[in-house]
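Here's the letter readout for the chains.
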Amino acid sequence: MFMCFGPIRIRPVTFTLRRPAARCVLLDRAGRIFLIRSEDPIDPHKPEWLEIPGGGMGRGEDSGAAALRELYEETGIPDVEMGPCVWVQQVEYDFGGYHFESDDHIHVAWCDGGEYRPKGLEALEAAAFLGADWWTLDELLSSDMPTVPARLREFLPAIIAAELPDEPIDITPPASRGGRFS
């Protein structure tokens, strides 16, 4: 005899990717930040979010070099002045059917602006990225869209004011499990 106690929910298979990653807070000379608007193409129930460019580091790759590579691949903006690693975070999140455990090194970089013309998106990124734009700090602070990193609004004002830390600041969210914007 078969008994059913409610709707059956099939959960997709999730793989865990553990990786070091490099991200970049890209600022133009007016102090605006470049943010990519994204969604999870596998989970339509997640809200859209804004994220800084970045991704996995290659074996033996320096975080600054990885941040510069990822920045160019995801934005297409050339002629960037890469700065130091200003933040670090350890986060877990689900995205695109994968579970990520990421050790992020987040650099700051400056440029004269530029248009969003990605040069090397992976298939999942191409499906997730909806567009990108330059945001003023006030625009970002007045927006309620989730961000990656989650604590971007908290720590960005000091970076825009050129108050760079001597050592990277740990911006790991208090609860880093579950969502893409953790």
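Just above, that's the structure.
In what follows, the accompanying structure is described. (Residues numbered from 1 in each chain as written. Predicted model: local features only at pLDDT ≥ 70, side-chain atom pairs only at ≥ 80, totals over all residues. Heavy atoms only, no water.)

## A closer look at the overall build of the chain
Within the chain, the secondary structure is distributed over four helices and nine strands. Going residue by residue from the N terminus, the α and β elements of the chain occur as β-β-β-β-α-β-β-α-β-α-β-α-β. Taken over 182 residues, the chain has a buried fraction of 43%. Considering only residue pairs separated by 6 or more positions, the chain has 72% of its internal contacts joining residues 24 or more positions apart. Total accessible area on the chain stands at roughly 9900 Å², and carbon and sulfur atoms take up 52% of it. (Helix = DSSP H or I, 4+ residues; strand = E, 2+ residues; numbered from the N terminus. Buried < 20%, exposed > 50% of the residue type's maximum accessible area, 1.4 Å probe, protein only. Contact = heavy atoms within 4.5 Å. Areas by Shrake-Rupley, 256 points an atom, 1.4 Å probe, with all protein chains shown as cover.)

## A short note on the pattern of salt bridges
The full count for this structure, using the stated rule, is 12 salt bridges. As a salt-bridge pair, Arg 32 and Asp 28 come within 2.6 Å of each other at their nearest N and O atoms. For Glu 61, the salt bridge is made with Arg 69, and the minimal N-O distance between the two is 2.9 Å. Judged by relative accessible area, Arg 69 falls into the partly exposed class, the value being 28%. Each of Glu 61, Arg 69, Glu 70 and Glu 73 takes part in salt bridges that share partners, so that together they form one network. (Salt bridge = Lys/Arg side-chain N within 4 Å of Asp/Glu carboxyl O.)

## Some words on the pairing of strand 1 (residues 15-28)
Here 14 bridges tie strand 1 to strand 6 (residues 98-111), and the two strands are oriented parallel to one another. Looking at strand 6, one finds that Leu 17 is bridged to Phe 100. Pairing geometry for strand 1 and strand 4 (residues 54-56), over three bridges, is antiparallel. The residue of strand 4 that forms the bridge with Ala 21 is Gly 56. (Pairing = 2+ DSSP bridges.)

## Regarding helix 1 (residues 63-75)
Helix length check: helix 1, at 13 residues, gives a terminal C-alpha distance of 18 Å against a target of 18 Å (1.5 Å per residue), a fit within 8%. Within helix 1, the full set of buried residues consists of Ser 63, Gly 64, Ala 66, Ala 67, Glu 70, Leu 71, Glu 74 and Thr 75. Relative to the axis of helix 1, the buried residues are bounded by an arc of 160° and lie together on one face. The backbone nitrogen of Gly 64 lies 2.9 Å from a side-chain oxygen of the residue at the head of helix 1, namely Asp 62. At the exit of helix 1 stands Gly 76, carrying a positive phi of roughly 80°. (Expected span 1.5 Å × (residues − 1). Arc of directions from axis to C-beta. Polar contact = N/O pair within 3.5 Å; in protein donor to acceptor, adjacent residues only side chain to side chain.)

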